[in-house]
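# Working through the structure, step by step
Spelled out from the first residue to the last, the chains are:
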Amino acid sequence: MRIAIASDHAGFEYKEWIKKHLEAAGHEVVDFGTDSAESCDYPEFIGPAAEAVARGECERGIVMGGSGNGEAIVANRVRGVRCAVCWNVESARLGRRHNDANVISFGQRMVSIEAALEIVDLFLSEPFDGGRHERRIRKIDAS
């Protein structure tokens, strides 16, 4: 799978861990930055990653920050992106199954690296349930 990844300074450490984890699992990772833990403005990195998912250049996206909230807001401003904030495995599962999330966001200050890796793995493997959820996704995408 081709995966867009991006973070701000507060998510940089996890971005690097997750990138290695994904590559070891055979995924192609497109890193949109940032490239250090030096303070930066997350929209500069999250926006292009989300746009790559919306254009179909990447199948999924993973964005990170301190809490993951601001990053999700930026990603969800891009038409065609459905970004779920995930603070545990169950939120990632429901984001995929019910919301067909194509991007996830989480915070380095909110979850352990072990939990973050579990969230990522589940996000990449969990299917969309379709059915009644499909109708809702069409309404979201039409708005």
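Residues numbered from 1 in each chain as written. Predicted model: local features only at pLDDT ≥ 70, side-chain atom pairs only at ≥ 80, totals over all residues. Heavy atoms only, no water.

If you trace the five strands from one edge of the open sheet to the other, you get β2-β1-β3-β5-β4, paired in parallel fashion. In the strand order of this sheet, the two ends are held by β2 (28-31) and β4 (83-85), each with one partner. Between one strand and the next, the sheet's axes are offset by a mean angle of 25°, whatever the strand orientation. Across five bridges, strand β1 (residues 2-7) lies against strand β3 (residues 60-65) in parallel orientation. When the sheet's bridge partners are listed, A4 is paired in β3 with G61. Sheet contacts for helix α1 (residues 12-24): β1, β2, β3 and β5 (103-107); angle to β1, the most-contacted strand, approximately 165°. Contacts between helix α2 (residues 43-54) and the sheet are confined to β1, β3 and β5, with β1 contributing the most and set at about 165° to the helix. (Pairing = 2+ DSSP bridges. Helix = DSSP H or I, 4+ residues; strand = E, 2+ residues; numbered from the N terminus. Axes fitted to C-alpha atoms, helices over the stretch in contact; angles between N-to-C directions. Contact = heavy atoms within 4.5 Å.)

Y14, I18, L22, I62, I104, F106 and V120 are the most contacted members of the largest nonpolar core, which has 23 residues in total. Those elements that provide at least two residues to this core are β1, α1, β3, β5 and α5 (113-125). Per-element tally for this core: the top contributor is α5, with eight residues. With sequence-adjacent residues up to four places away left out, V120 is seen in contact with I18, L22, I62, I104 and F106. Counting 19 residues, the second largest nonpolar core, distinct from the first, contains V30, C40, I46 and A49. (Core = buried A, V, L, I, M, F, W, Y, C linked by side-chain atoms within 4.5 Å. Buried < 20%, exposed > 50% of the residue type's maximum accessible area, 1.4 Å probe, protein only.)

Right, let's talk about unusual backbone geometry for a bit. Geometrically, the link from G33 to T34 is a cis peptide bond, its omega value of 5° lying close to zero. Notably, D100 is not glycine yet its phi reads approximately 50°, a positive angle. In this structure, D100 sits in the loop between α4 (89-97) and β5.

By the definition in use, this model includes zero disulfides. Cysteine C58 shares no disulfide, and the gap to the nearest cysteine sulfur, in C83, comes to 14 Å. The buried category is assigned to C83, whose relative accessible area is 11%. (Disulfide = S-S within 2.5 Å.)

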